[in-house]
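# Inside the fold
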Amino acid sequence: MKLQPLTSHFAAICSIFCLAGLRCSSAAGTPVRDIHGSKVFVRDEQKGYGPIFEEQPIDTVYPEESPEGRVSMNCRARGVPAPTYKWQRNNWDIDIKTAKEHHSMVGGNLEINNPEKSRDEGKYVCLAYNVHGTIRSREASLNFGYLYPFTPEERHAVKVREGVGAVLLCDPPPHYPDDLSYRWVLNDFPEFITLDKRRYVSQTNGNLYIAKVEASDKGNYSCFVTSNSITKSVFSSFIPLIPQADRSKGYLPDIRVSFKETYALLGQNVTLECFALGNPVPEIRWNKYLEPMPSSAEVSMSGAVLKIYNIQFEDEGTYECEAENHRGKDKHSAKVYVQAYPEWVEHINDTERDIGSEFHWPCVAAGKPLPTMRWLKNGIPYWKGDLRFSSLKKEDEGMYQCVAENIHGMIYSNAELKVLVLAPTFEFSPMKREVLAAKGGQAIIECKPRAAPRPKLIWSRGTEIIRNSTRIRIWYDGSLEIINVTAADAGNYTCFVENNKGKANSTTTLLTTAATKIVLAPTNVDVTVGWNATMQCLAEHDRSLDLTFIWLLNGYPIDIDKDNEHYERAIMIKNNGELIVKNAQLRHAGRYTCVAQSIVDNATASADLVVRGPPGPPGGLKVEDIRNTSVVLTWSRGTDNHSPISNYTIQSRTFLSEYWKDAKTDPPVVDGNVESAKVIDLIPWMEYEFRIMATNILGKGDPSMPSQKIRTEGSSPNVAPSEVGGGGGSNRELTITWVPLPREYHFGNNFGYVVAFKPFDQVVWKKVIVPQPDTGRYVHKDDSMIPASKYQVKVKAFNNKGEGPFSLTAIIYSADDAPVERPRNVKVRVRSSTEASVSWQHILSPAITGYEIRYWPSRGREIEANKVQVSSQNFSVRLENLKPDTHYYADVAAFNFAGVGPPSNRLAFITEKAPPRQRPRIISSVRSGSKYIITWDHVKSQSNESTVKGYKVRSVLRCFALIV
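Conventions we followed
Residues numbered from 1 in each chain as written. Predicted model: local features only at pLDDT ≥ 70, side-chain atom pairs only at ≥ 80, totals over all residues. Heavy atoms only, no water. Core = buried A, V, L, I, M, F, W, Y, C linked by side-chain atoms within 4.5 Å. Buried < 20%, exposed > 50% of the residue type's maximum accessible area, 1.4 Å probe, protein only. Helix = DSSP H or I, 4+ residues; strand = E, 2+ residues; numbered from the N terminus. Contact = heavy atoms within 4.5 Å. Pairing = 2+ DSSP bridges. Axes fitted to C-alpha atoms, helices over the stretch in contact; angles between N-to-C directions. Salt bridge = Lys/Arg side-chain N within 4 Å of Asp/Glu carboxyl O. Polar contact = N/O pair within 3.5 Å; in protein donor to acceptor, adjacent residues only side chain to side chain. 1 Å grid on protein atoms, 1.4 Å probe; cavity = no way out; pocket = protein on both sides within 12 Å on 5 of 7 lines; lining within 4 Å. Points joined across faces, edges and corners; volume = space filled by probe spheres on them. Nonpolar A, V, L, I, M, F, W, Y, C, P; charged D, E, K, R; others polar. Patch = residues over 30% accessible without salt bridge, like charges linked within 9 Å, V, L, I, M, F, W, Y side chains within 5 Å. Areas by Shrake-Rupley, 256 points an atom, 1.4 Å probe, with all protein chains shown as cover. Disulfide = S-S within 2.5 Å.

## Overview of the nonpolar core
Judged by nonpolar contacts, the single largest core of 25 residues is most densely connected at I518, W551, I558, Y567, L579, Y592 and L609. Looking at this core, the element that brings in the most residues is strand β58 (residues 602-612), giving five residues. Counting 21 residues, the second-largest nonpolar core is a separate cluster that includes A166, Y221, I230 and I239.

## A word on the side chain of Q792
Inspection of the secondary structure puts Q792 in strand β74 (residues 790-799). Apart from the residues within four sequence positions on either side, Q792 is in contact with A756, F757, K758, F760, W765, T809, A810 and I811.

## Describing the pairing of strand β20 (residues 232-235)
Burial of β20 is one-sided: the residues K232 and V234 facing one way are buried, the residues S233 and F235 facing the other way are not. Where strand β19 (residues 219-227) meets β20, four bridges bridge the pair, whose relative direction is antiparallel. Across the sheet, F224 pairs through a bridge with F235, a residue of β20. Turn length for the β19-β20 hairpin, with the two strands adjacent in sequence and antiparallel, is four residues, and the turn residue T231 shows positive phi of about 50°.

## Some points on the sheet that holds strand β18 (residues 208-210)
Pairing is antiparallel across the open sheet formed by three strands, whose spatial order is β14-β18-β17. In this open sheet, the two edge strands, each paired with only one partner strand, are β14 (166-168) and β17 (199-201). Averaged over all adjacent pairs, the angle separating strand axes in this sheet is 15°, with direction ignored. The pairing of β14 with β18 spans three bridges and is classified as antiparallel.

## What about the pattern of salt bridges?
In the structure shown here, the tally under the stated rule is 38 salt bridges. Across the pair R70 and E111 runs a salt bridge, and its minimum N-O distance is 3.4 Å. Of this pair, R70 sits in strand β4 (residues 70-73) while E111 is found in strand β9 (residues 109-113), placing the two residues 41 residues apart along the sequence. The exposure class of R70 is partly exposed, given its relative accessible area of 42%. In this structure, the salt-bridge partner of D681 is K664, at a minimum N-O distance of 3.5 Å. Placement of D681 in the loop between β65 (676-680) and β66 (687-696) and of K664 in strand β63 (residues 664-666) is noted, with a sequence separation of 17 residues between them. Like D681, the residue K664 is exposed in the burial classification. What you see here is one network of salt bridges that share partners, running through D196, R198, R199, E214 and D217.

## What about the sheet that holds strand β8 (residues 103-106)?
Read across the sheet, three strands follow the order β4-β9-β8 without closing on themselves; strand pairing throughout is antiparallel. Looking at strand neighbours, the two that pair on one side only are β4 and β8, the edges of this open sheet. Neighbour-to-neighbour, the strand axes of the sheet open up by a mean angle of 25°, direction not taken into account. One ladder, built from four bridges, connects β8 with β9; its direction is antiparallel. The residue bridging H103 from the neighbouring strand is I112, located in β9.

## Some words on the side chain of S237
Assignment of secondary structure puts S237 in the loop between β20 and β21 (239-244). A distance of 3.1 Å separates a polar side-chain atom of S237 from the backbone oxygen of E153. Apart from the residues lying within four places of it in its own chain, the contact partners of S237 are T151, P152, E153, R155, Y221 and S222.

## Some points on empty space enclosed by the protein
Evaluation of the coordinates by the stated rule reveals one cavity of 30 Å³ or more. Estimates place the volume of the largest cavity at around 40 Å³. Looking at the largest cavity, the residues that line it are D196, K197, F275, P282, I284, M301, S302, G303 and A304.

## Some remarks on the layout of surface pockets
Counted as a void, the largest pocket has a volume near 1500 Å³. The wall of the largest pocket is formed by 43 residues, among which R285, E322, W685, R711 and N749 lie closest to the centre. If you list the elements that add at least two residues to the lining of the largest pocket, you get β26 (283-288), β29 (317-325), β30 (328-346) and β68 (710-711). When residues of the lining of the largest pocket are assigned to their parent elements, the largest contribution, five residues, is made by β26. Of the residues assigned to the lining of the largest pocket, the class counts are 13 nonpolar, twelve polar and 18 charged. Roughly 920 Å³ of internal volume is contained in the second largest pocket. Taken together, 28 residues form the lining of the second largest pocket, with P920, G950, Y951, K952 and V953 sitting closest to its centre. When contributions to the lining of the second largest pocket are tallied by element, the ones reaching two or more residues are β85 (922-928) and β86 (931-936). Split by residue class, the lining of the second largest pocket holds eleven nonpolar, nine polar and eight charged.

## With respect to a nonpolar patch on the surface
The grouping of I922, Y932, I934, W936, Y951 and V953 at the surface amounts to a nonpolar patch, some 600 Å² of accessible area in total. Residue contributions to the nonpolar patch peak at three residues, all from β86. The residue I922 is located in strand β85 in this model. Residue class for I922 comes out exposed when judged on its relative accessible area of 57%.

## With respect to the environment of D354
Of note, D354 is situated in strand β31 (residues 351-354). For the pair formed by D354 and N750, sequence separation is 396 residues and the distance between their alpha carbons is 77 Å.

## A short note on the state of the cysteines
Inspection of the entire model under this criterion finds six disulfides. With a sulfur-sulfur separation of 2.0 Å, C75 is cross-linked through a disulfide to C126. In this structure the cystine formed by C75 and C126 twists about its S-S bond by roughly -70°; its chirality is therefore left-handed. With C75 in the loop between β4 and β5 (76-80) and C126 in strand β10 (residues 122-130), this pair connects stretches of sequence that are 51 residues apart. Side by side, C75 and C126 carry an identical accessibility label, which is buried. Residue C537 pairs covalently with C594 via a disulfide, S to S 2.0 Å. Here the disulfide of C537 and C594 is left-handed, its torsion about the S-S bond being about -80°. Here C537, found in the loop between β51 (533-535) and β52 (538-540), pairs with C594, found in strand β57 (residues 590-597); they are 57 residues apart in sequence, far enough to count as distant. C594 sits in the buried class, given a relative accessible area of 0%.

See the structure below:
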């Protein structure tokens, strides 16, 4: 069939060009897109483009007391031509010209001079515009920050019994914004109180909470408040706290600081507070109801604060805090909801579309709650929801903004829409000069000129128009497809296009080649781990083309050069793609596909490689039926890797060691056909994690993923403390000591010790509770206690499940009285201007631990005396570093663990004067045989120096060695 003209004009031109063997084409404008769909364009500096924000205004807090007197709201955009700016406050235009003294513009920035709350507070928007359109910035608020002083009235004193909890109210003054931080001053600024397990300052209301008041808490307290936004601090009047001596014996925990239902934004850091009053001071524990705690959760401030960093949707849930002491517990829970600021799933981009075409501009945002969508065109509200154009017009061009908004805020996506009118052209997307196709295969010839509106398209071969048939199809995008290609299909193919702006055509030559075939395909191979396997592959192809081989494993290409430790290609034989798998591992098993390909076509053949080896890791490991010394594990079988599983090994790990240890099971051997087992002989109230490994005749496989951490049930202790003993201490005291039990023997919560003791000759035991698990010492005070009396003592552990066995009974003695006898025959001997020695007679008593010698200048105070202590074996001591020619007093007293006894009579002594400072002057030194005769001048002492009693002659012997 002969080519028919699209129009009479087009036919006349084309027939001349085609008969002459020339290409048929038309004049073209600037090509910017293809004939199918839209295309994102690159901004053209010569043609210009609409504004693009580079800086937008941000929320600003201006301190009311700021000395600067100026606020700047920043805005900067680029565009060609350069954008112009204007500002709006609360959706009203700001007239810069009529308020020059108050408002000014620096570039796109709005400067506000001497800001006033009534005049300037509000929401600000910057608009940037040029000839291409207008864009609107995000809204930014300007607020005025303040923190007023506390009222000056005195605050009432708080009187509370020792051992009872107390709350000191902060009651912060009016302020904005609500970003205060709180501390408390004790007595004098800046002596801030130190927070610990007993004291806590809530950062929600500023109150100071004391779980159990002690005598040392007495003082004047002031709440110190800081506004981080305006960097200002104020403090309240002092609140006197007066502990009363009537000590409380203890009370149940009472949670006074608790967190409310909380809404958090995705990615934020969330802080939850929980603090309880109680005696003893309660322990605070956190958990998430029916779920594990987030991995990013961190407990601080002695348990009072739970911080969840970078919170995620899966962290949403009910959180609980529990306060517990040995008198009971209190519990609080509240829900934490995780929501999200809007974020783009798909935002709009600068786009060019044909005039008259349909256009759907997708703009999708995520958020919680789900954002609503609206559109602005050139800064003015335009549309809500999905934006669609049934037939684009030139006036639809402009700057568009897609706005996604929920209760947490809004986001903008800006883009420019250009509507194109363009004659067809192949200049920027020419057709290929030649297309190769294999016989029996498929050929696709593309025709994608740029044109707007979409052109009409006709294909021809020579002078024959091509129409769709069983083997030939023209696709919507203009491509020509030929299937089951034969040698007769070779030839020239021309694509003609036309729209209301012009015409064009282009030609491609189709060449046919022989098809590629695999003549020796790979076969299935079965090997054991560590063996080699050979996958064969031999192919035939068109001799004019190069042939390459690619191997796939389970559909993914194998990088033979990268993994040459396990793969090798046979490259010595032409057209041979044989693959050798060396030292095969389990990961090498699967379906291997040989792909023989040329630039025109390819052929494939596949075979399976089976690798037998140890089993794979079991999956789905769960811990069930948790008891105090046992749990039940369930799992699902992993791959047996073509060899039946014979048995399983279960391992456990605790905080006591980073290493995994084999766990005991019932029965001892876990058969390979089961998928559950009971683990026994566990430690009560211990946190465990488990893993499991399968074994077959080829070895033990990799372990499963560790189970979720669990804690076994508690039980009463079954081990008694060791090395119970004691004795000594201060007067009227009985000191009892033991070695605390390690954590793995606590077996439960609220762990502590029961200490029992009685005089040796009595029957009734006295018992006291020591609630601190790490304590190994208890001191009993009794004014009626007889010094050095014989006692029997024993200790046992307890927890919330019960009490354990008592230790062996030990014999100890109560503390001795302080010595009552004074040392006798005390003497002082002055040795020099800086030294003296003191001696005395021993006191014959086994209760004496040692002696204390005091000495002080007569002009000084006795309370500031220097002290030297020596053991009871000593009867003298040397006093050093004394001052020359100084009058001193000294005495001696005996001491033991109970205290220091009465001192001896005070002795007075005077140190010698200082030695002469003048050096003797040597007059002569004469050698006489083996002797030296030395003469010198006498030294005369000054009035403040001691008398010269003699001279000491010292010599220095120098030896020289001669080396030959």
